[in-house]
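Chain by chain, the residues:
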Amino acid sequence: MLKWLLTIAIVVVILRLLTPRLRQGAPARRLPGDVSVRWRGRDYFFPFTTTILISLLFVAISRLI
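Residues numbered from 1 in each chain as written. Predicted model: local features only at pLDDT ≥ 70, side-chain atom pairs only at ≥ 80, totals over all residues. Heavy atoms only, no water.

A.B. asks: Just give me the short version of the layout of surface pockets, but keep the residues and values in it.
C.D. replies: There is about 280 Å³ of room inside the second largest pocket. Lining the second largest pocket are 14 residues; nearest its centre among them are T7, I10, V11, F58 and I61. Every element with two or more residues in the lining of the second largest pocket is listed here: α1 (2-24) and α2 (48-64). Residue contributions to the lining of the second largest pocket peak at nine residues, all from α1. (1 Å grid on protein atoms, 1.4 Å probe; cavity = no way out; pocket = protein on both sides within 12 Å on 5 of 7 lines; lining within 4 Å. Points joined across faces, edges and corners; volume = space filled by probe spheres on them. Helix = DSSP H or I, 4+ residues; strand = E, 2+ residues; numbered from the N terminus.)

Here it is as structure tokens:
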């Protein structure tokens, strides 16, 4: 249990540090399958493909740990 808690904490910290850099280049870094919708003057972004790829990466890393 402690191992998973530590892993989640590290991932959250890394994502928090990378978020500003990812937002700067967001239009150029979208993958096919990521959906962007404009509704009532607001932009909504649903990163389906990116989520799947990141999940696969985390599974691979967790199996190595």
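Read on for the rest.
A.B. asks: Describe the pairing of strand β2 (residues 42-47), naming the residues involved and giving the relevant values.
C.D. replies: Pairing between strand β1 (residues 34-39) and β2: six bridges, direction antiparallel. Across the sheet, residue R38 finds its bridge partner in β2, namely D43. Taken together, β1 and the strand that follows it, β2, pair antiparallel across an intervening segment of two residues, in which R40 is found at a positive phi of about 55°. (Pairing = 2+ DSSP bridges.)

A.B. asks: Can you explain unusual backbone geometry? Please cite residues and give values.
C.D. replies: Located in the positive-phi region is R40, a residue other than glycine, with phi close to 55°. You can see R40 is positioned in the loop between β1 and β2.

A.B. asks: Requested: an account of the environment of F45, with residues and values cited.
C.D. replies: Residue position: F45 is located in strand β2. In the structure, F45 is positioned ten residues away from V35 in sequence and 5.9 Å away in space, judged by C-alpha atoms.

A.B. asks: Let's hear about the environment of K3: which residues, and what values?
C.D. replies: By the element assignment, K3 lies in helix α1. Residues K3 and I65, spaced 62 residues apart in sequence, show a C-alpha to C-alpha distance of 9.4 Å.

A.B. asks: Tell me what's going on with the confidence of the model for the protein chain, and back it up with residues and numbers.
C.D. replies: Of the residues in the protein chain, 83% reach a pLDDT of 70 or more, and the chain-wide mean stands at 79. α2 holds the highest mean pLDDT among the elements of the protein chain, 86, whereas α1 holds the lowest, 79. (pLDDT = per-residue confidence, 0-100.)

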